[in-house]
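# Chains, contacts and geometry: an overview
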Amino acid sequence: MMIDFTNTLGTVTALFLLNYAFRRYMSSLARAPQPAGSNFWITRLGVVPPPHDGEDILSQFLIDVGQDRRQSPISVCFSLMGSPLVLVNTLKGIKDVLIDGQTKDKQLGPCVQRGDLIRRIQNLVFGGPSINNAVGEDWAWRRHVLLPSFQPKQLVPKLLPYVVEQSTEILALFNEHASQGTALEVDNVFTDLTMNVINYYLYGRRDLNFEMVGGRSNLKNEHLKLGLGFQSLEAWLPFGLNETKWAQRSYRPSRELLKDFIRDSLSHADPESVAALAMASGKYDNKHEALVNDMLSLTFAGYDTTAHTLSFCFSELARHPEIQQRVFEQVRQVLGPPPVTSITADKLAQLTLVTAVYRETLRKYPAVVFIPVHVNRDTPVDGQIVPAGAEIWCNIRGLQMNPDLFPNPDEFNIDRWLADGSNGFDDLASGGVSQHRFPDITFTLGQHACLGKNLAILELRTMIALTVNQFAMTLKPGNRIETKIILTTKPKNGVWVNFKGRDEVVSS
Ligand code: HEM
């Protein structure tokens, strides 16, 4: 009996090693460079390390890879099963994957599609397909229906007045803190702001039944619990065990609560809202739950990405009075003194320094640190061929900290994004891309480009401009700005800001 067991174990181990050796050493990527870092989760399992309170290991790993010239254009980790995880570390490589790779060939389909793991887990956590996890035709019709509502032509006139109104309420809160001389944690405030903006836009109403989810401000907490689904180890269990109530206990109650809220909101949606227009398209006929899933995943994709980006913007402005002063002068010239009653898209577009602030923030703190894709068939990536079956991570975080593209990458320098050459940087030898012409990869590129980009930018521009026009900011002493990744990049210690009335500052 004992001998049988030992024999079986020996055979299984030998098969495992053979499989590993074959896949690892016979792979066309066998000679590709490997990341020096040895994080077990990433290099041996091909997954994101579980979140903890220590250092941001994932970001550091991606930065180390991006800054190491030997890992250009790609580097590869082989998992314990011998399957390759390919890190793409150049702009050309990322464009090849996201733009050319995702373009559909009529006969063969696209070379790459959404990453396998993220797709499966999103499907599980959201409880079905949505625009965020579907592929092929199931994704295409959703995108086709939802896209027009997120184009500036429709979005700006419908949403800008609401964003201005909400931002003005927040200015009143800043004012209270300015007069009391107390610091305010802004990440929490911006998360509520973004939830309000997205919900208002999706359903076109202010009077949604927030009591169903324990009040307006509790929406973000329920979404946060839903996010835990992405971290729960039970969600990875095989044989359908991950679909049991027990395995989903950490996030299922929040998912169902949020879906009830969405069903109720859909039943009252304004006819011109995103949700009502999507329903009226006829594509969701008999698929009411598909629309519920899409509304859930739109909110989920948008609320914390936008809010944390805004918080990081404020943290950098608060630490750079000289940048604040430049932004203030431009904003004051375009918008005039507060209270600002009318903002137009044209005026916002004139605020080039505000744009430079959010772009530099997204360079240093990209909300999504890598874009995962699955390779359907052999794909050219910056001169290399990545074989079918591999998983790819487009290394956004590492590329944007590459000193060959962004000299002194740790420095917050808004001049990188100004086209008039005042930054002193010319076209860079590596890649030949001036920094100001560097594409907006933080919202990803190609067919799956972020659907909510225009909404996010509208909120970022408005909130930054109105605040800088009225207040000078400093960071609360001792508040360390560090990142933590729970799906998206968050300010680990919050962002604590002291406000002082601008006109008070000017006259003093
Ligand atoms: C600063 C804010 C934001 C950033 C940096 C951001 C970034 C991204 C990125 C990188 C992706 C691609 C993810 C992947 O392929 O794995 C994405 C996709 C997406 N985003 Fe955003 N996002 C932001 C805000 C928003 C907002 C406000 C919404 C909606 C209200 C939204 C909705 C979506 C949707 C639906 C997709 C999937 C698009 C598709 O596959 O067709 N995002 N976003």
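Residues numbered from 1 in each chain as written. Predicted model: local features only at pLDDT ≥ 70, side-chain atom pairs only at ≥ 80, totals over all residues.

### Brief notes about the UniProt feature "binding site: heme" (unreviewed entry) in the chain
The UniProt record annotates "binding site: heme" (unreviewed entry) at Cys450. Beyond its immediate sequence surroundings of up to four residues, Cys450 is in contact with Phe443 and Thr444. (UniProt positions renumbered as here; feature names shortened; annotations may be inferred. Contact = placed C-beta atoms within 7 Å.)

### Some points on unusual backbone geometry
Most of the time, phi is negative for any residue but glycine, and the peptide bond is trans. Cis peptide bonds are those with omega within 30 degrees of zero, and the linkage from Ser72 to Pro73 qualifies with 5°. Position of Pro73 among the secondary structure elements: in the loop between α3 (57-67) and β1 (74-78). Non-glycine residue Phe239 carries a positive phi angle of around 55°. For Phe239, the position within the fold is in the loop between α9 (219-228) and α10 (252-268). Here Leu487, not a glycine, exhibits a phi torsion of approximately 65°, which is positive. The class of Leu487 is buried, set by 20 C-beta atoms lying within 10 Å. (Helix = DSSP H or I, 4+ residues; strand = E, 2+ residues; numbered from the N terminus. Buried ≥ 20, exposed ≤ 12 C-beta atoms within 10 Å, placed from the backbone.)

### Structural notes on the domain arrangement of the chain
Domain assignment breaks the chain into domain 1 (1-26) and domain 2 (32-507). Once you take the C-alpha centre of each, domain 1 and domain 2 turn out to be 44 Å apart. Taken together, the contact between domain 1 and domain 2 spans four residues of the former and five residues of the latter. When grouped by side-chain class, the residues that make up the side of domain 1 that touches domain 2 number one nonpolar, one polar and two charged. (Domains from an automatic or database assignment. Nonpolar A, V, L, I, M, F, W, Y, C, P; charged D, E, K, R; others polar.)

### Points about the nonpolar core
Among the nonpolar cores identified, the biggest contains 93 residues, and Cys313, Phe314, Val354, Val357, Ile464, Ala465 and Val497 are the most heavily contacted of them. At 16 residues, helix α12 (residues 288-319) tops the list of elements feeding residues into this core. If near-sequence neighbours (up to four positions away) are discounted, Ile464 is found in contact with Cys313, Val354, Val357 and Tyr358. Core analysis: the next-biggest nonpolar cluster, separate from the first, contains 41 residues, Leu87, Val97, Val368 and Ile485 among them. (Core = buried A, V, L, I, M, F, W, Y, C linked by C-beta atoms within 7 Å.)

### Some points on the environment of Val86
If you trace the backbone, Val86 turns up in strand β2 (residues 84-88). Take Val86: there are 26 C-beta atoms within 10 Å of it, and that puts it in the buried class. In the structure, Val86 is positioned 305 residues away from Glu391 in sequence and 6.2 Å away in space, judged by C-alpha atoms. Ignoring any residue separated from it by four or fewer positions in sequence, one finds Val86 in contact with Leu29, Ile74, Val76, Val386, Ala390 and Ile392.

### So, the site of the ligand
Every one of the 23 residues lining the ligand counts as a neighbour, but Gly302, Thr305, Val368, Cys450 and Gly452 are closest to it. Of all the elements, α12 adds the most residues to the shell around the ligand, at six residues. Its residues assigned to classes, the shell around the ligand shows 13 nonpolar, nine polar and one charged. (Near = placed C-beta within 6 Å.)

### Some words on the pairing of strand β10 (residues 391-395)
On a regular strand, one side chain projects to one face of the sheet and the next to the other, so that they alternate. With five of five residues buried, β10 is to be regarded as a mostly interior element. On β10, burial covers both faces: Glu391, Trp393 and Asn395 on one face and Ile392 and Cys394 on the other are all buried. Summarising the sheet, β2 and β10 pair through four bridges and their orientation is parallel. Note that in β10 the partner of Val88 across the bridge is Cys394. (Pairing = 2+ DSSP bridges.)

### What about the packing of α9 against α12?
One can describe the packing of α9 onto α12 by two numbers: an axis separation of 11 Å at closest approach and a directional angle of 105°. Relative to α12, the element α9 is oriented roughly perpendicular. Across the interface between the two elements, Lys220, His223 and Leu226 of α9 pack against Thr299, Phe300 and Tyr303 of α12. Grouping the constituent residues of the contact of α9 with α12 by class yields three nonpolar, two polar and one charged. (Axes fitted to C-alpha atoms, helices over the stretch in contact; angles between N-to-C directions. Parallel < 35°, antiparallel > 145°, perpendicular 65-115°, else oblique.)

### Some points on the sheet that holds strand β5 (residues 112-114)
As a general point, the strands of a sheet are linked pairwise by backbone hydrogen bonds and lie either parallel or antiparallel. The strand order across the open sheet built from five strands is β1-β2-β10-β7-β5, with neighbouring strands paired in mixed fashion. Two strands lie at the open edges of the sheet, namely β1 and β5, each paired on one side alone. Direction aside, neighbouring strands of the sheet carry axes that sit 30° apart on average. Judged from the three bridges that link them, β5 and strand β7 (residues 370-375) form a sheet pairing that is antiparallel. Each residue of the ladder has a partner; that of Arg114, found in β7, is Val373. Strands in contact with α3 are β1, β2, β7 and β10; relative to β10, the strand with the most contacts, it is inclined by about 80°. Lying on the sheet, helix α4 (residues 91-100) is in contact with β1, β2, β5, β7 and β10; it crosses β10 at an angle near 130°.

### What to know about helix α7 (residues 152-180)
Between its terminal C-alpha atoms α7 stretches 39 Å, which fits the 42 Å expected from 29 residues at 1.5 Å a residue. The principal kink in α7, of about 40°, is found at Leu159, preceding the proline Pro161 by one to four residues. Where α7 is concerned, the buried positions are Leu155, Leu159, Val163, Ser167, Leu171, Phe174 and Ala178. Where the residues of α7 are buried, they touch β6 (184-185), α8 (186-203), α17 (453-470), β11 (471-475) and β14 (496-501). Downstream of α7 by one or two residues, Gly181 has phi in the positive range, about 70°. (Expected span 1.5 Å × (residues − 1). Bend = angle between axes of the 7 residues up to and from the residue.)

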